[in-house]
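The residues making up each chain are set out below.
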Amino acid sequence: MLTDHFRPQSFNGIDDIVIVGGGLAGLFCALKLAPRPVTILAAAPIGYGASSAWAQGGIAAAMSKGDTFDKHVADTVAAGAGIVDEKMTRMMVAEGPARIHDLLEFGVPFDRDLEGKLMLSREAAHSERRIVRVKGDMAGKSIMEALIAAVRNTPSIRVIEGYVVEELVREGRFISGVVARPDAGQSKSRVSFPARAVVLCSGGVGHLYAVTTNPWEACGQGVGMAARAGAIIADPEFVQFHPTAIDIGKDPAPLATEALRGDGAILINAEGRRFMLDIHPDGELAPRDIVSRGVFAEVQAGRGAFLDCTKAVGRHFPDMFPTVYASCMAAGIDPVSQPIPVVPAVHYHMGGVLTDGEGRTSIDGLWAAGEVTSTGVHGANRTSIDGLWAAGEVTSTGVHGANRLASNSLLEAVVFAARIAENIKGSLPAPKLTSWGDNAGENDDPVTVEDSPPFKLLRQLMSDCVGVVRTRESLTRAIQGITRLERANKRLRFANIATTAKLIAVAALQRTESRGGHFRADCPGERPDWQRRTYLTLAQAERLAVEVAESEPA
Ligand SMILES: Cc1cc2nc3c(=O)[nH]c(=O)nc-3n(C[C@H](O)[C@H](O)[C@H](O)COP(=O)(O)OP(=O)(O)OC[C@H]3O[C@@H](n4cnc5c(N)ncnc54)[C@H](O)[C@@H]3O)c2cc1C
């Protein structure tokens, strides 16, 4: 589906800048690049198929009286369980207020107090009030509406919707464009988009799992295609589960925002027993991974888990949390008077395509002096992939460490998208002069990969074996299962998805400790020798997967 403003933007048949993804990171980057010609390719119409539109909490920025950048950095570092990149975090935090002002200029109606000042709320693990919101739980929807309107009014941005990008085209150390499949990936043929710069903003990995709060478009295609093009992937094992997805059999599962627990809602089991206080002194406001494991244990034990908001929120529910209220009522649950059934669901990926402060990606195999290992990047110079930048959830900038601090992800998306725009303006690589044909090969049956039996099997495998609680045995089974599915299904889009699943499982198997979002029942504590980030190339993951597939019993 093409929007009405499909305008000629190319130089000698080459698009100037192609952005893959129309969520917050992609739209913000395009607006910041204006008036440079930009083409946004999005798998779904913009506003749909993006986690950004579903964000309920808001954006964190140190803007209140008494708050400081140091405090925001300290909270982020504490949440990240020992492996946050402090330099990157400081940069992100310091640029937060300016990006909030940008969003205000684009027309985002953030909540204000009676004096007209921005209203800042508190969220778990933030030591100060620093979350800017819109009407309680409408932040994502409102931000996206404002940015979509701005994009539609910007003549230099062309939006092509329903194009699923399947491949980044690499020539040496250069990414020279992308290949996409139209009609929401259903078309028999593919279209190539040669470009002078590609910015990958394709979101997260939630839909790699059977229970998730993410839209299906967030199934790790971006990480997979970047890894297949040679990019280094960082920290893939760190997957954040949201403890309170609403358990009403919907896929994706609607979210009961953390703000409910911030406002005093409690977690109980079917016997009415409040269980989190037995596990952590902060009870329901303990870090997300701990609450997720608490809820998971109750569900596994058959006692179920419920978020009881009847006393803390009660009759104010419809006004304070309209989105959650609507989800509950649609399932016949009135949260004003009834506890909400909840389960942990995959919510956010801390890992992703390794990027530097300018959003530049790094390449496998072309190191100036040294090599990449799973334990670190060795060598004098990290070589970037010319022509490929990445922003938003698809990346691993290092600011989330092993566990994301709530509301820092929208902040990360806008800060690094703006940095990329600046960087691209200053340093575009020379244009490639070849223009590709319209039909880019790899044509096959227009099968919806995402509804296919292998994809469903993969999702179940990931939930069962690479979920809230992992073991060596479960991860071995996952790697073997992914390898089998990959061998039987050669489609490119499936390969991208399975690649991401494999990177997550392999990194989780290698990390023989528990930290943040990665919990190993067979290695329950943190280990000082593992207090470091993971850097993995696809070649390394493949080698390990083959070893596991061949050496361990199935
Ligand atoms: C329910 C929910 C609530 C959340 N609440 C908050 C919150 O309150 N605060 C916070 O900071 N974070 C929150 N998060 C996380 C946050 O929303 C995301 O991390 C952030 O929006 C990611 O932005 P993005 O632009 O990187 O990705 P997205 O917004 O997911 O956009 C990705 C885009 O890429 C497109 N795409 C994907 N694959 C392809 C492909 N192969 N080809 C073409 N296009 C593709 C998608 O269709 C989409 O347009 C929440 C997430 C969820 C799911």
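Residue positions are counted from 1 within each chain, in the order its sequence is given. Restriction of local features to residues with pLDDT of at least 70 applies here, the model being predicted, together with a cutoff of 80 or more for giving and counting side-chain atom pairs; totals for whole chains, interfaces and linings are based on all residues. Only hydrogens and water are removed before side-chain values are computed, so all heavy atoms of the structure are retained for them.

### Notes on the pattern of salt bridges
Filter applied, for reference: Here, a salt bridge means any side-chain nitrogen of Lys or Arg that lies within 4 Å of a carboxyl oxygen of Asp or Glu. Counting from the N terminus, the helices are the DSSP runs of H or I reaching at least four residues and the strands are the DSSP runs of E reaching at least two. For each residue, the accessible area found with a 1.4 Å probe, counting protein chains only, is set against the maximum for its type, and the residue is called buried under 20%, exposed over 50%, and partly exposed in between.
Scanning all chains against the criterion turns up 37 salt bridges. The closest approach of N and O atoms between E145 and K141, which form a salt bridge, is 2.9 Å. Within this pair, E145 and its partner K141 are both found in helix α4 (residues 139-152), separated by four residues, close to a single helical turn. Assessed through its relative accessible area of 46%, E145 is described here as partly exposed. A single network of salt bridges, built from pairs that share partners, joins E166, E167, R181, R190 and R493.

### A word on the packing of aromatic side chains
The geometry of an aromatic ring pair is captured by the separation of the ring centres together with the interplanar angle, meaning the angle of the planes. Heads up, the condition is: Only Phe, Tyr and Trp rings are paired, with Trp represented by its six-membered ring, and only when their centres lie within 6.5 Å; those with planes under 30 degrees apart are stacked, over 60 edge-to-face, the remainder tilted. By the criterion adopted, a ring carries a charge over it if an Arg CZ or a Lys NZ lies within 6 Å of its centre and within 35 degrees of its normal.
All told, the structure shown has five aromatic pairs when counted by the stated rule. Ring centres of Y209 and F241 lie 6.0 Å apart, and the angle between their planes is 85°; this geometry places the pair in the edge-to-face category. Of the two residues, Y209 is situated in the loop between β9 (191-200) and α6 (221-228) and F241 in strand β11 (residues 239-246); the sequence distance between them amounts to 32 residues. Each of the two residues, Y209 as well as F241, counts as buried. Measuring from ring centre to ring centre gives 6.1 Å for F317 and Y325, while their planes differ by 40°; the resulting arrangement is tilted. Since its relative accessible area comes to 21%, Y325 is described here as partly exposed. Ring pairs connect the aromatic residues F317, F321 and Y325, which therefore count as one cluster. Sitting above the plane of the Y348 ring, R404 keeps its charged end 4.4 Å from the centroid.

### Some words on the pairing of strand β14 (residues 340-349)
As a reminder of what qualifies: Two strands form a pair only when DSSP identifies at least two bridges running between them.
The element β14 is extensively covered by neighbouring structure, given that ten of its ten residues are classed as buried. Two elements, β11 and β14, share six bridges in a ladder whose sense is antiparallel. Note on β14: the bridge partner recorded for V239 is H349. Of the pairings in the sheet, the one linking strand β13 (residues 306-308) to β14 comprises two bridges and is antiparallel in character.

### Things to note about the environment of K425
How we decide: Note on definitions: a residue-residue contact is assigned when non-hydrogen atoms from the two residues lie within 4.5 Å. The definition of a polar contact used here is a pair of N or O atoms within 3.5 Å, where within protein one atom must be able to donate a hydrogen and the other to accept one, and adjacent residues in sequence count solely through side-chain atom pairs.
Looking at the secondary structure, you find K425 in helix α11 (residues 408-426). What makes K425 partly exposed here is its relative accessible area of 39%. Between the C-alpha atom of K425 and that of R36, which follows or precedes it by 389 residues, the distance is 8.4 Å. Residues in contact with K425, not counting those within four places in the same chain, are K32, L33 and R36. One polar contact links the side chain of K425 to the main-chain carbonyl oxygen of K32, over a distance of 3.2 Å.

### Some thoughts on the site of the ligand
We count it as follows: Nearness is judged by heavy atoms alone; a residue qualifies as near a molecule or strand once a single heavy atom is within 4 Å of it. Surface accessibility in these figures is a Shrake-Rupley result with a 1.4 Å probe; residues are shielded only by whichever protein chains are displayed.
Looking at the ligand, there are 40 residues lining it, with S52, G57, V165, E393 and S409 nearest. Backbone polar atom of L24 to an oxygen atom of the ligand: 3.2 Å apart, as the coordinates give it. Here an oxygen atom of the ligand sits 3.5 Å away from a polar atom, N or O, in the main chain of S407. The protein chains hide 98% of the 1000 Å² of surface that the ligand would expose on its own.

### Things to note about the confidence of the model for the chain
Threshold: Values of pLDDT, the confidence the predictor places in each residue, fall between 0 and 100.
The predicted model of the chain averages 90 in pLDDT, with 89% of residues at 70 or higher. In this model, residues 1-9 is a region of pLDDT below 50 whose contacts with residues beyond four sequence positions or in other chains number 27 contacts. Across residues 366-381, where pLDDT falls below 50, the model places 39 contacts with residues more than four positions away in sequence or in other chains.

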